[in-house]
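# Architecture and fold: a report
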Amino acid sequence: MGTILVVAEIQKGAIRDASYELVAAARGIEGAEVNGLVIGSGVGDLASEFASKGAGKTLVVDDPAAANYNVDVWSKAIKAAAEASGADLILISNTPTGWDVAPRIAAGLDCAFVSDAIRVAGGDGGYNLVRRIFNGKLDAEVSTSGKTVASMQPGAGTAYEGSSDGGTEALSTDLSAIAKFVEIKIAASTGVDLTKADVIVSGGRGVGDPEKFPEIIQPLADALGGAMGASRPVVDAGWLDHPYQVGSSGQIVAPKLYIAAGISGAIQHLVGMKASNFIVAINKDPDAPIFEVADVGIVADLFDIVPALSEAVKAAKG
């Protein structure tokens, strides 16, 4: 196989777990050479960390112009890194940053682009990537030849836990002519990164109204040391913000424990949580599709069960 360039993404001063999932995907391709790319300002230490934790030889674009995400900066940096490394596959996380920059890179390099992949493997003269279609009902395998850009779904795999010894190399890229932001305003973040949660308690339309989430769902999540999530109808109704949404158009999660309360189990939601290690479903409808993927199904009123579970967990903790 050829060379794979893994583009790291920095969040709150650290490289995202999703970037190490890309490393794991790249390392899983036999015979491929793996290179990393870190873009930012003052990111030398992060680049060294990325290089030592699986990314191998890591190129670094360290420039004040890259202190904040800018699609022009990232496009130019990734294109330069692809040319310097000779990469024939460029992996980017399917995050808002990836949505923005990945297709632009593919267009700039005049090459194939595969979005929202969940697996990648070596193919005959190229790569085979798997992506879900029809709201997760089917998996489609896309085979490419020549240079390819792919965005991969966070949470679809596990983070790489090995090590590597590739070192870092500064990549000289002229960013002087790139448009700069005059002012950046960052809205207060809501919710959590559900892909990192070991326990998620999600509520659906069966919760009834937005006030019930902090009263019923959040206490159980807190008692279990987990995070609160929601189904798409809850977010569409404006009851919770989008960061809480679990599903194919929200966050793909695979916690150790997933509790679904008042969620019927539309395919859009099942795609986002069916990889969970243990699933508990609570619903009054015995025919709800959520029970098809649940390890434990409780046919009952969530307003009876969830508060009782919260109290039982608190009592067990003393």
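Counting its secondary structure elements, the protein contains 8 helices and 16 strands. What you see for the protein is a C-alpha radius of gyration of 21 Å, in line with the 20 Å of a compact globule of 318 residues. Seen through its principal axes, the protein has C-alpha atoms that stretch 60 × 45 × 35 Å. The buried share among the 318 residues of the protein stands at 48%. Look at the contacts in the protein between residues 6 or more apart in sequence, and 62% of them connect residues 24 or more apart. Where the 24 positive side-chain charges of the protein centre and where its 38 negative ones centre are 2 Å apart.

Let us look at the domain arrangement of the protein. Domain annotation of the protein identifies domain 1 (3-170) and domain 2 (194-317). When each unit is reduced to the centre of its C-alpha atoms, the spacing between domain 1 and domain 2 is 32 Å. With 9 residues of domain 1 in contact, the opposing surface of domain 2 contributes 6 residues. Both faces combined, the contact of domain 1 with domain 2 buries some 730 Å², and carbon together with sulfur accounts for 58% of it. Taken together, the connections running from domain 1 to domain 2 amount to 0 salt bridges.

Our focus in this paragraph is the pattern of salt bridges. Throughout the structure, instances matching the rule amount to 10 salt bridges. Measuring nitrogen to oxygen at the nearest pair gives 3.4 Å for the salt bridge that ties Glu49 to Lys53. Here Lys53 and Glu49 lie together in helix α2 (residues 44-55), a separation of 4 residues that amounts to about one turn. According to the relative accessible area criterion, Glu49 is partly exposed, its value standing at 30%. On the accessibility criterion, Lys53 (38% relative accessible area) is partly exposed. Between Glu311 and Lys314 there is a salt bridge; the shortest N-O distance is 3.9 Å. Of this pair, Glu311 and Lys314 are both found in helix α8 (residues 302-317), 3 residues apart, which corresponds to roughly one turn of the helix. Connected through salt bridges with shared partners, the residues Glu9, Arg16 and Asp193 form a single ionic network.

Our next topic: the sheet that holds strand β1 (residues 3-7). A sheet is described by the order of its strands in space; here 9 strands give the open sequence β9-β8-β7-β10-β6-β1-β4-β5-β11, paired in mixed fashion. Looking along the sheet, the strands with just one partner apiece sit at the ends: β9 (138-145) and β11 (168-170). Taking the axes of each pair of neighbouring strands and ignoring which way they run, one obtains an average angle of 35 degrees across the sheet. With 5 bridges connecting them, strand β4 (residues 33-40) and strand β5 (residues 58-62) associate as parallel partners. Considered in β5, the bridge of Ile39 is made with Val61. Along the sheet, α2 makes contact with β1, β4, β5 and β11, crossing β4 at roughly 160 degrees. On top of the sheet, helix α4 (residues 96-109) reaches β6 (89-93), β7 (112-122) and β10 (148-152); it is set at about 165 degrees to β6, its chief contact.

So, about the sheet that holds strand β14 (residues 257-261). Reading across from one edge, β13-β12-β14-β15-β16 is the order of the 5 strands in this open sheet, with parallel pairing throughout. Two strands close off the open sheet at either side, each with one partner strand: β13 (227-230) and β16 (296-299). The sheet shows a mean angle of 15 degrees between the axes of neighbouring strands, direction not considered. Along the sheet, helix α5 (residues 212-223) makes contact with β12 (199-203), β13 and β14, crossing β13 at roughly 130 degrees. Set on the sheet, α8 makes contact with β14, β15 (279-283) and β16; between it and β15 the angle comes to about 140 degrees.

Attention now goes to the environment of Ala87. In this structure, Ala87 sits in the loop between α3 (71-85) and β6. Dropping the residues within four chain positions of it, Ala87 is found in contact with Thr3, Leu5, Ala82 and Lys147.

Counting buried positions along β5 yields 4 of 5 residues, so the element is predominantly enclosed. For the crossover that starts at β4, traverses α2 and ends in the parallel β5, the hand is right-handed. Pairing analysis gives 3 bridges linking β5 to β11, with the strands arranged parallel. By the bridge assignment for β11, Leu59 is matched with Glu169.

Cut-offs used in this document
- Residues numbered from 1 in each chain as written.
- Predicted model: local features only at pLDDT ≥ 70, side-chain atom pairs only at ≥ 80, totals over all residues.
- Heavy atoms only, no water.
- Helix = DSSP H or I, 4+ residues; strand = E, 2+ residues; numbered from the N terminus.
- Rg over C-alpha atoms; globule rule 2.2 N^0.38 Å.
- Buried < 20%, exposed > 50% of the residue type's maximum accessible area, 1.4 Å probe, protein only.
- Contact = heavy atoms within 4.5 Å.
- Lys, Arg positive; Asp, Glu negative; His and termini not counted.
- Charge placed at Lys NZ, Arg CZ, Asp CG, Glu CD.
- Domains from an automatic or database assignment.
- Buried area = accessible area lost by both parts, 1.4 Å probe.
- Salt bridge = Lys/Arg side-chain N within 4 Å of Asp/Glu carboxyl O.
- Pairing = 2+ DSSP bridges.
- Axes fitted to C-alpha atoms, helices over the stretch in contact; angles between N-to-C directions.
- Right-handed = clockwise from strand over helix to strand, strands pointing away.

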